[in-house]
Amino acid sequence: MRAALSTWGRLSRRDHWIVPLRDRHTARARIAASPLPAIPYGNGRSYGDEALNDGGTVWLTRGLDRFIGFDVETGLLHCEAGVTLEEIIAVALPHGWFLPVTPGTQFATLGGAVANDVHGKNHHSHGTLGEHVRALTLLRSDGSAMACGPAQNADWFRATVGGMGLTGLISDVVLQLRRVAGPWIRSTIETFGSLTGFFELSSERSDAFEYSVAWIDCMGKRDVRGVFLCGDHDDSAAPQPKAAVRSAHFLPPLRWVTPAATRAFNALYFRRSASRAGPSLQSYRSFFYPLDGVLEWNRLYGRAGFYQYQCVVPQSGQREAVAELLKAVAASGTGSFLSVLKTFGTRPALGLLSFPMPGTTLALDFANEGASTRRLFERLDAITAAAGGRLYAAKDAAMTPQLFRLGYPRLDEFTRFRDPGISSEMSRRLLGS
Ligand SMILES: Cc1cc2nc3c(=O)[nH]c(=O)nc-3n(C[C@H](O)[C@H](O)[C@H](O)COP(=O)(O)OP(=O)(O)OC[C@H]3O[C@@H](n4cnc5c(N)ncnc54)[C@H](O)[C@@H]3O)c2cc1C
C-alpha cells in the first residue's frame, strides 16, 4: 500500500510503500518479502526523519499490539513492540505498576521508545528506558530473529537500544515496570529568574525528588526565567479524574505559533505557574504528558512544520554553554515556545548511541522558516560542538554528519551492527547509507 507519511515535526510528507505488520509471528515473513531498504515506523512521534524512507518501504509496527505476559507480582511485562506507552499504563496501573521511565508523550510505541533509548524527568534517578529492558527480539531484514538482552547477545542489545531502528526491527520487549500506589504525583512548582537560579534548584532538588524538569521562557529581555517542576509518586490510590482532551485538528493549516503568540503564551504560562507555586497533587497525565492533552498540537506550526533542537552539553562548562545557546536564540529574533531544561544524571548510557550524558539538556521548538532556521542551527551546532555536546536523533532533522560523528564517539562500533537492508532518510543524511 502506498501512502503519504510524516512524523511529528511535519517537515515533509512524502509517499512511502507501507508494509503493516500484524503480529510477531508473521512479521518475519513479511519483512523478508518487503522491498528493501526499509525502516521501522512506530507511531511517528519522533520529530524528524529517522522513521522516514521517502519513496521506499516502512514497516508499520502499530499492528504488533499484543500483550504476551504480565506478572502482577513482579511487574515484568512482555508485549509486542507496537503497543503504546498509553496502552501499557492502562493495563499496568490498575495493578500498581507504572513505566520505569517515560518520555513526555504516552503516544510513543514501546519499540520506538527503545529504539531511541528515551529518557524522562527521572533520568537522574532511573536512567534511560533501556536500563529497564530485560529482553527483546530483533528481526533482521533477511527474516532471521535474535533474542537480545543485558545477558544475551549483549553487544547487539547495546546497539539496538538507541539504535534508531537501524539494527533490525524489535518485535517484542520484556520490560521491568516500577511499583506505584496509584495515579498521583506529589509535585512542587517553583519559579526562578535566572540560569543560575535553575542550576541551584537543579542541584538542590535532584537528590530529594525522583522527577525534575524546568520549562523556560527564553524570550524575556534579560536573563531567562522559568518554572521548576519536581515530584514523586504519591501514596494515594484514589482514582484520577477523566482526562480532558482537546484537539487542534479543526484549525486551518495556518501558522498559529508566531513570535508574538509565543511571547504572550510564555508570559502567561510563567504568571500562571507563579500563582500555583508550591506543592500539589497532580494526576500522572498532567505531570508527565501535558502536551498530550491537546491532540495534534504540532499542527499549530502550520504547513511548513517545525523543528525541535535538543542538545546536551557536558557538566564541565554546562552553564556557559547553555547561556551561549540561549543568547544565540535571543539574537536570532526567533523564540521558542515552552523550552525545556533538565540536568541529566551521571549513569553511563546503555546504548552505543544513547543520547543522555552527564550534563544539561536543552530542547527548543522552532517554526520552520527555511534558510534562517538553518542559519540559527549552524550557530547552535557550533556552540554544542565546542562544548563537547551532542544532538538527540529522536528530535533531529538537520544535524550534520560531522556533528553526529563528534557527538557519538561509539559510532564506528555501532556501524558493525547495522542491518544492510535497513536505511532511513536520517541514516542516509548522517551515515551516507
Ligand atoms: C510531545 C513529545 C514529547 C516527547 N518527549 C520526550 C522525552 O521527554 N524524552 C525522550 O527521550 N523523547 C521524547 N519524545 C520523543 C519520542 O519519545 C521518541 O521519538 C519515540 O521514539 C517515538 O516513538 P514512536 O513509536 O512514535 O517511534 P517513531 O517516531 O515511529 O520512530 C522513531 C525511531 O524508532 C524506530 N522504531 C520504531 N519502532 C521500532 C521497532 N519496533 N523496532 C526498531 N525500531 C523502531 C524508527 O525506525 C525510528 O528510528 C517526545 C516526543 C513528543 C512528540
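Residues numbered from 1 in each chain as written. Predicted model: local features only at pLDDT ≥ 70, side-chain atom pairs only at ≥ 80, totals over all residues. Heavy atoms only, no water.

Visitor: What exactly am I supposed to notice about the side chain of S194 here?
Guide: Within the secondary structure, S194 sits in the loop between β12 (184-192) and α6 (195-205). A distance of 3.0 Å separates the side chain of S194 from the backbone nitrogen of G197, its partner in a polar contact. The contacts of S194, once residues within four sequence positions are left out, are D223 and V224. (Helix = DSSP H or I, 4+ residues; strand = E, 2+ residues; numbered from the N terminus. Polar contact = N/O pair within 3.5 Å; in protein donor to acceptor, adjacent residues only side chain to side chain. Contact = heavy atoms within 4.5 Å.)

Visitor: I tried to follow the packing of helix α9 (residues 318-332) against helix α10 (residues 371-386) on my own but got confused; where do I start?
Guide: It is at 10 Å that the axes of α9 and α10 come closest, and there the two elements cross at 170°. On the basis of their axis angle, the class for α9 and α10 is roughly antiparallel. For the pair formed by α9 and α10, the contact residues are A321, E324, L325, A328, V329 and S332 on the first element and L376, R379, L380, I383 and T384 on the second. Along the lines of polarity and charge, the residues of the contact of α9 with α10 split into seven nonpolar, two polar and two charged. (Axes fitted to C-alpha atoms, helices over the stretch in contact; angles between N-to-C directions. Parallel < 35°, antiparallel > 145°, perpendicular 65-115°, else oblique. Nonpolar A, V, L, I, M, F, W, Y, C, P; charged D, E, K, R; others polar.)

Visitor: Where do I start with the domain arrangement of the chain in this structure?
Guide: Many analyses report the size of an interface as the accessible area lost when the parts associate. Considered domain by domain, the chain is made up of domain 1 (2-61), domain 2 (67-180) and domain 3 (184-407). Just the C-alpha atoms count here: the centres of domain 1 and domain 3 sit 28 Å apart. Of the roughly 1100 Å² buried between domain 1 and domain 3 on both sides combined, carbon and sulfur atoms contribute 53%. Where domain 1 packs against domain 3, one counts zero salt bridges. Where domain 1 meets domain 3, there are three residue pairs in polar contact (both at pLDDT 80 or more). (Domains from an automatic or database assignment. Buried area = accessible area lost by both parts, 1.4 Å probe. Salt bridge = Lys/Arg side-chain N within 4 Å of Asp/Glu carboxyl O.)

Visitor: How should the side chain of S46 be read in this particular structure?
Guide: Note on placement: S46 falls in the loop between β3 (38-41) and β4 (57-60). S46 sits in the buried class, given a relative accessible area of 10%. Here S46 is in contact with T7, W8, G9, A51 and A394, once residues within four sequence places are set aside. (Buried < 20%, exposed > 50% of the residue type's maximum accessible area, 1.4 Å probe, protein only.)

Visitor: I would appreciate a short explanation of empty space enclosed by the protein in the present structure.
Guide: If you roll a probe as big as a water molecule over the atoms, it shows you where there is empty space left. For the structure shown, the criterion picks out six cavities of 30 Å³ or more. The volume enclosed by the second largest cavity comes to roughly 110 Å³. Around the second largest cavity, the lining is made up of 14 residues, and of these R255, T334, G335, F366 and A367 lie nearest the centre. Of the residues forming the lining of the second largest cavity, the biggest block, three residues, is contributed by strand β20 (residues 359-367). (1 Å grid on protein atoms, 1.4 Å probe; cavity = no way out; pocket = protein on both sides within 12 Å on 5 of 7 lines; lining within 4 Å. Points joined across faces, edges and corners; volume = space filled by probe spheres on them.)

Visitor: Explain the pattern of salt bridges to me, please; I cannot follow it from the model alone.
Guide: Within the structure shown, the criterion is met by 18 salt bridges. Here D65 makes a salt bridge to R66, at a shortest N to O gap of 3.3 Å. Since its relative accessible area comes to 39%, D65 is described here as partly exposed. In this structure, the salt-bridge partner of R225 is D217, at a minimum N-O distance of 3.0 Å. The partly exposed category is assigned to R225, whose relative accessible area is 28%. One salt-bridge network, in which partners are shared between bridges, spans R24, D65, R66 and E80.

Visitor: Mind showing me how you'd approach the sheet that holds strand β13 (residues 211-217) here?
Guide: Strands in a sheet are paired, the pairing made by backbone hydrogen bonds, and the direction either parallel or antiparallel. An order of β16-β12-β14-β13-β19-β20-β18-β21 is seen for the eight strands of this open sheet, with the pairing classed as antiparallel. Pairing within the sheet leaves two strands with one partner each, and these edge strands are β16 (278-283) and β21 (390-391). Contacting β12, β13, β14 (225-233), β19 (339-343) and β20, α6 runs over the sheet at an angle of about 150° to β12. Across the sheet, α9 lies against β13, β18 (306-314), β19 and β20, angled at about 10° from β20, the strand it touches most. (Pairing = 2+ DSSP bridges.)

Visitor: Where do I start with the site of the ligand in this structure?
Guide: Taken together, 35 residues are adjacent to the ligand, and P40, R45, S46, T109 and Y392 come closest. Contacts to the ligand include G42, whose backbone N or O atom sits 2.7 Å from an oxygen atom. Relative to its free-state accessible area of 970 Å², the ligand is covered by the protein chains to the extent of 96%. If you list the elements that add at least two residues to the shell around the ligand, you get β3, α3 (110-115) and β10 (169-176). In terms of residue count, α3 provides more of the shell around the ligand than any other element does, four residues in total. Taken together, the residues that form the shell around the ligand break down as 18 nonpolar, 14 polar and three charged. (Near = heavy atom within 4 Å. Areas by Shrake-Rupley, 256 points an atom, 1.4 Å probe, with all protein chains shown as cover.)

Visitor: What is the right way to look at the sheet that holds β10 in this model?
Guide: Taken in spatial order, the five strands line up as β5-β6-β10-β8-β9 in an open sheet, and their pairing is antiparallel. On the outer flanks of this sheet lie β5 (67-71) and β9 (145-148), each paired with one strand and no other. Strand-to-strand, the axes of this sheet are offset by a mean angle of 10°, without reference to chain direction. Sheet strands in contact with helix α2 (residues 85-92) are β5 and β6 (76-80), and its direction is about 40° off that of β5.

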